[in-house]
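Report on the structure
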Amino acid sequence: MNVALNDELDRIFEARDRNNMAPTIAALLPLREEHPHNPRVLYEVGGAYDTAGEEAIALEFYEQAMSEGLVGDLRRRCYLQYGSTLRNLDRLDKSMAVFATARLEFPDSVALGVFESLTFHAAGNTNTSLGCLLKLLADHVHAEDLDRYKPAIRGNAEYLISLDTPSTKANPSDVDLDG
């Protein structure tokens, strides 16, 4: 990607005010006009609309960014924001499918796991939600008084996850990132 474009995007986001995203959106829209197929530009525009509370508009940009080939950490972040936005719009099945796909691609992402758990909770799969969080805790938190109990924590996590019916879990192949 163009270094100058990356620098400009970074500058715009350094100056943003999360409580007033209108200037950020106004600064990004000309870049979108100049670079209509640039995945980072599309992602950043989507994120700005999302932060501004215009989640339905954000979805379109997230989907376009993914279909234009967003890669790396930006792709991981886009999955997270896209799945979370779908959850906020009560499109829970699609949100679960997005997170399932994202977790296959980025299995070590704790942040994806946390937001996936929020989607499970919103969908009424509270056992799976808690079980997934316990697995994250066992896999990623290192504390002397916790380490000896990690096998028990993992066992409890698996048990909790088993309490929710398997049919409520999204199939990663069901997600359509192109809209």
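Above this text is the structure in question.
Residues numbered from 1 in each chain as written. Predicted model: local features only at pLDDT ≥ 70, side-chain atom pairs only at ≥ 80, totals over all residues. Heavy atoms only, no water.

1. Digging into the overall build of the chain
Looking only at helices and strands, the chain features 10 helices and 0 strands. If you list the helices and strands of the chain from N to C, you get α-α-α-α-α-α-α-α-α-α. Counting every position in the chain, which comprises 179 residues, the buried fraction comes to 43%. Summarising the internal contacts of the chain: among those between residues at least 6 apart in sequence, 55% fall at separations of at least 24. If you sum the accessible surface of the chain, you get close to 9400 Å²; carbon and sulfur atoms cover 51% of it. Counting 17 positive and 29 negative side-chain charges, the chain places the centres of these two groups 5 Å from one another. (Helix = DSSP H or I, 4+ residues; strand = E, 2+ residues; numbered from the N terminus. Buried < 20%, exposed > 50% of the residue type's maximum accessible area, 1.4 Å probe, protein only. Contact = heavy atoms within 4.5 Å. Areas by Shrake-Rupley, 256 points an atom, 1.4 Å probe, with all protein chains shown as cover. Lys, Arg positive; Asp, Glu negative; His and termini not counted. Charge placed at Lys NZ, Arg CZ, Asp CG, Glu CD.)

2. Let's talk about the packing of aromatic side chains
One pass over the structure, following the stated rule, counts 4 aromatic pairs. Plain terms: the ring middles of Tyr 49 and Phe 61 are 5.7 Å apart, the flat faces sit at 10° to each other, and that makes the pair stacked. With Tyr 49 in helix α3 (residues 39–51) and Phe 61 in helix α4 (residues 55–67), this residue pair connects regions lying 12 residues apart in the sequence. When its relative accessible area of 7% is taken as the criterion, Phe 61 is described as buried. Taken together, Tyr 43, Tyr 62 and Tyr 82 form an aromatic cluster joined through their ring pairs. Over the aromatic face of Tyr 149 sits the side chain of Arg 148, whose NZ or CZ is 5.6 Å from the ring centroid. (Phe/Tyr/Trp six-rings, centres within 6.5 Å; stacked < 30°, edge-to-face > 60°. Lys NZ or Arg CZ within 6 Å of the ring centre and 35° of its normal.)

3. Thoughts on the pattern of salt bridges
As enumerated under the stated definition, the model contains 11 salt bridges in all. Its salt-bridge partner being Arg 11, residue Glu 8 comes within 2.6 Å of it at the nearest N-O pair. Of this pair, Glu 8 and Arg 11 both sit in helix α1 (residues 3–14), separated by 3 residues, roughly a single helical turn. The class of Arg 11 is partly exposed, set by a relative accessible area of 45%. Of the charged contacts, one joins Arg 154 and Asp 139 as a salt bridge, the two residues approaching to 3.0 Å between their closest N and O atoms. (Salt bridge = Lys/Arg side-chain N within 4 Å of Asp/Glu carboxyl O.)

4. Here we look at the nonpolar core
Leu 28, Leu 31, Tyr 43, Leu 70, Tyr 79 and Leu 112 are the most contacted members of the largest nonpolar core, which totals 32 residues. Mapped onto this core, the elements with two or more residues apiece are α1, α2 (22–34), α3, α4, α5 (72–88) and α6 (92–105). Not counting residues within four places of it along the chain, the set of residues in contact with Leu 28 comprises Leu 9, Ile 12, Phe 13, Glu 44, Val 45 and Ala 48. (Core = buried A, V, L, I, M, F, W, Y, C linked by side-chain atoms within 4.5 Å.)

5. Here we look at the packing of helix α8 (residues 126–140) against helix α10 (residues 150–163)
Packing of α8 against α10 brings their axes to within 7 Å, and their N-to-C directions diverge by 160°. It follows from the interaxial angle that α8 and α10 lie roughly antiparallel. Relative to α10, α8 is oriented so that their crossing is left-handed. For the pair α8 and α10, the contacting residues are Asn 127, Thr 128, Leu 130, Gly 131, Cys 132, Leu 134, Lys 135, Ala 138 and Asp 139 in the first and Lys 150, Ile 153, Arg 154, Ala 157, Glu 158, Leu 160, Ile 161 and Leu 163 in the second. Residues belonging to the contact of α8 with α10 are distributed by class as follows: 9 nonpolar, 3 polar and 5 charged. (Axes fitted to C-alpha atoms, helices over the stretch in contact; angles between N-to-C directions. Parallel < 35°, antiparallel > 145°, perpendicular 65-115°, else oblique. Left-handed = near helix turned anticlockwise from the far one by under 90°. Nonpolar A, V, L, I, M, F, W, Y, C, P; charged D, E, K, R; others polar.)

6. Points about the layout of surface pockets
If you add up the space inside the largest pocket, you get close to 210 Å³. Lining of the largest pocket is provided by 17 residues; of these, Arg 16, Tyr 43, Gly 47, Thr 51 and Gln 81 occupy positions nearest its centre. Breaking the lining of the largest pocket down by element, the ones donating at least two residues are α3 and α5. In terms of residue class, the lining of the largest pocket is made up of 6 nonpolar, 6 polar and 5 charged. (1 Å grid on protein atoms, 1.4 Å probe; cavity = no way out; pocket = protein on both sides within 12 Å on 5 of 7 lines; lining within 4 Å. Points joined across faces, edges and corners; volume = space filled by probe spheres on them.)

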